[in-house]
Amino acid sequence: SSGTLIVIPHVLMEHWMTQIDLHVNLNYLTANGKEPLVFEYGRDRDALSVDKAIIMTQLHSTHEAVVFFDHGSTRPLPPPDFLSMFKIVVTTSRRFEREWKNGSLQEELQNAKSAAQAADKGAANMTYERSFRQSNEACSLLKIHWLRMIVDEGHSMAKGRHSNTIQFASWISAERR
């Protein structure tokens, strides 16, 4: 993805939404006069659905996926193909904590390792990558190679019971951190 993953404390979500609205002209992030799409996930049951967003951005091409706000619900995130459409994805350290508790990466690595061992050595890496990408268990954030990852208030992630969120953050693949 050419997008930026921003990880924030849950209590700062409204602040970040306001700041992006005040200081970022989303029209500059779109091409060919398309409307910018801001997608809020996990906040309101009546909000825009993933399917409708895909129709607007890919089928009708009237909108361009610009900002995805993950309010940290307990629902799994949308598929990585959907998330990677967005230029900015804002999630919470609460999401990282939940995903760590799910053990999703550990389980996926074990499954992929078993599959790779069953295959011949030349195909081991391809088997691992295919197994990981197709899995429903691992968090979508782990399946995307981000251009940038920014952690706001990262020092607070290391305190007390949230220390596993740092481990989860280290699993995120990003060119720039």
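Whatever comes next refers back to the structure up there.
These remarks concern the structure in this document. (Residues numbered from 1 in each chain as written. Predicted model: local features only at pLDDT ≥ 70, side-chain atom pairs only at ≥ 80, totals over all residues. Heavy atoms only, no water.)

### Side note on helix α2 (residues 50–59)
Because an α-helix completes one turn every 3.6 residues, residues spaced three or four positions apart along the sequence face the same direction.
(1) Moving on: Among the residues making up α2, those that are buried are A53, M56 and T57. Each buried residue of α2 lies within a common arc of 85° when the element is viewed along its axis, so the set occupies one face. In this structure, α2 carries D51 and L59 as exposed residues pointing more than 90 degrees from its buried face.
(2) Moving on: Looking at the packing, one finds that the buried side of α2 touches β2 (35–41), β3 (63–70) and α3 (80–83).
(3) Moving on: Of the residues trailing α2, S61 is marked for its positive phi of about 55°. (Buried < 20%, exposed > 50% of the residue type's maximum accessible area, 1.4 Å probe, protein only. Helix = DSSP H or I, 4+ residues; strand = E, 2+ residues; numbered from the N terminus. Arc of directions from axis to C-beta. Contact = heavy atoms within 4.5 Å.)

### Brief notes about the environment of I144
(1) Moving on: Within the secondary structure, I144 sits in the loop between α6 (124–134) and β5 (145–151).
(2) Moving on: Excluding residues that lie within four positions of it along the chain, I144 makes contacts with S1, P80, L83, S84 and S173.

### Remarks on the nonpolar core
(1) Moving on: Counting 25 residues, the largest nonpolar core has L5, F68, F86, F96, L141, W146 and I172 as the members making the most contacts within it.
(2) Moving on: Listed by contribution, the elements that provide at least two residues to this core are β1 (4–8), β2, α2, β3, α3, β5 and α7 (163–171).
(3) Moving on: Counting residues per element, this core draws most heavily on β2, at three residues.
(4) Moving on: Setting aside residues up to four positions removed in sequence, W146 forms contacts with S1, G3, T4, L5, L83, V89, L141, I172, S173, A174 and E175. (Core = buried A, V, L, I, M, F, W, Y, C linked by side-chain atoms within 4.5 Å.)

### Digging into the pattern of salt bridges
(1) Moving on: Here the structure, examined in full by the defined rule, presents four salt bridges.
(2) Moving on: As a salt-bridge pair, R95 and D70 come within 2.8 Å of each other at their nearest N and O atoms. A residue pair is termed long-range when its members are at least 10 positions apart, and R95 in helix α4 (residues 93–102) and D70 in strand β3 qualify at 25 residues.
(3) Moving on: Overall, R95 belongs to the buried group, its relative accessible area being 1%.
(4) Moving on: Ionic pairing is found between E99 and R95, a salt bridge with its closest N-O pair at 3.6 Å. With a gap of four residues between them, E99 and R95 both fall in helix α4, about one helical turn apart.
(5) Moving on: You can call E99 buried: its relative accessible area is 7%.
(6) Moving on: Because the salt bridges share partners, they merge into one network encompassing D70, R95 and E99. (Salt bridge = Lys/Arg side-chain N within 4 Å of Asp/Glu carboxyl O.)

### Focus on unusual backbone geometry
(1) Moving on: Non-glycine residue N32 carries a positive phi angle of around 55°.
(2) Moving on: With respect to the element layout, N32 can be found in the loop between α1 (13–23) and β2.
(3) Moving on: A positive phi is found at S61, a non-glycine position, where the angle reads about 55°.
(4) Moving on: Mapped onto the secondary structure, S61 falls in the loop between α2 and β3.
(5) Moving on: Residue S61 is classed as partly exposed on the basis of its relative accessible area of 35%.

### Observations concerning the packing of aromatic side chains
In this description, a pair of aromatic rings is defined by centroid distance and the angle of the planes.
(1) Moving on: Summed over all chains, the structure comprises nine aromatic pairs.
(2) Moving on: Pairwise contacts between aromatic rings join F39, Y41, F68, F82 and F86 into one cluster.
(3) Moving on: Here the guanidinium or amino end of R75 rests over the ring plane of Y41, the centre of that ring lying 4.4 Å away. (Phe/Tyr/Trp six-rings, centres within 6.5 Å; stacked < 30°, edge-to-face > 60°. Lys NZ or Arg CZ within 6 Å of the ring centre and 35° of its normal.)

### Considerations on α1
(1) Moving on: The complete set of buried residues in α1 reads M13, W16, M17 and I20. Considered in projection along α1, the buried side chains sweep an arc of 100° and stay on one side of the axis. The outward face of α1, more than 90 degrees from its buried face, is lined by the exposed residues L22 and H23.
(2) Moving on: Taken together, the buried residues of α1 touch β1, β2, β3 and β4 (88–92).

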